[in-house]
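In case you want the letters, here they are:
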Amino acid sequence: MRDVRVNEQGVLTDLPGLPSRDHQVAAMWEKSWEPLVFQYIRRCEGLRCMLYVHDVRWKITHYVRSFLEEVEGMGLPVLLVLTKDDRIVGELRPAKKGERETPEEVREAEHLLRQRLMKRARKSLAFEGVHIHYSTDSTNPSCRKARRRMLRYLESIVATGSRACPRARACLIGQGNS
């Protein structure tokens, strides 16, 4: 685990990764990392929120589903961060031979695919909290907006003082999503 102090107000802890779709680290997760992560969650009284970062292009595995169910069952609010929005362009079907798509048509197709992938992830997780689409593409205004939005959520959560605080849960439950 790696800790990063943020503005002397909070700490972000990078936990060992869950097994992904290729199950490369499944044995490590089950044997070592899972007990370590849950011990950390139980013992870290100052822990206010879990940011779960998920590549929107990948399907949710049973490891992810059971992990987030257990985390939420421990009373820890979860912010779902859907990444790799900028890479879904490669998953769009090319225009039919002889046809050209306008930039507006491409943007609309990207938006529809992004929405479909987001709904798939939320449904697979039975997730009712807040999600944010996140990309490192700083040339895209919506990506910059999403980063600012995530920062506002984190600042609000840090200001609450506790995961048990109703304000912390209100920050992440029942608000609109980007």
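As a convention, each chain's residues are numbered from 1 in the sequence order in which they are written. Local features in this predicted model are restricted to residues of pLDDT 70 or higher, and side-chain atom pairs are both shown and tallied only at a pLDDT of 80 or more, whereas totals for entire chains, interfaces and linings draw on every residue. The basis for every side-chain value is the complete set of heavy atoms in the structure, and neither hydrogens nor water enter the calculation.

Caption draft 1: Region of the structure containing the pairing of strand 3 (residues 50-55). In terms of strand pairing, strand 3 meets strand 4 (residues 78-83) through six bridges, oriented parallel. Residue pairing for strand 4: His54 is matched across the bridge by Leu82. The parallel pair strand 3 and strand 4 is bridged by helix 2 (residues 62-73), and the resulting crossover is right-handed. For two strands to be treated as a pair, DSSP must find at least two bridges joining them. Numbering of helices and strands runs from the N terminus; a helix is a DSSP stretch of H or I covering at least four residues, while a strand is a stretch of E covering at least two. A clockwise course of the path from the first strand over the helix to the second, judged with the strands pointing away from the viewer, identifies a crossover as right-handed.

Caption draft 2: A look at the sheet that holds strand 4. Strand order across the open sheet formed by three strands is 3-4-5, with parallel pairing between neighbours. Pairing within the sheet leaves two strands with one partner each, and these edge strands are strand 3 and strand 5 (131-134). Strand-to-strand twist in this sheet, taken as the mean axis angle between neighbours without regard to direction, amounts to 25°. Bridge count between strand 4 and strand 5: four bridges; the pairing is parallel. By the bridge assignment for strand 5, Leu82 is matched with His133. Here a residue-residue contact requires only that any non-hydrogen atoms of the pair lie within 4.5 Å. Think of each axis as a best-fit line through the C-alpha atoms, taken over the contacting stretch in the case of a helix, with angles from 0 to 180 degrees between the N-to-C directions. In the packing of helix 4 (residues 141-160) onto the sheet, the strands contacted are strand 3, strand 4 and strand 5, and the crossing angle to strand 5 comes to about 140°.

Caption draft 3: Geometry of the packing of helix 1 (residues 26-43) against helix 2. The interhelical angle for the contact between helix 1 and helix 2, taken along N-to-C directions, is 15°, at an axis separation of 12 Å. Relative to helix 2, the element helix 1 is oriented roughly parallel. At the point where helix 1 passes helix 2, the crossing takes the right-handed sense. Across the interface between the two elements, Ala26, Trp29, Glu30, Val37, Phe38 and Ile41 from helix 1 touch Tyr63, Phe67, Glu70 and Val71 from helix 2. By the definition adopted for this analysis, an angle is roughly parallel if under 35 degrees, roughly antiparallel if over 145, roughly perpendicular if from 65 to 115, and oblique otherwise. Here is the rule for handedness: rotate from the far helix to the near one, and if that takes an anticlockwise turn smaller than a right angle the crossing is left-handed, while a clockwise turn gives right-handed.

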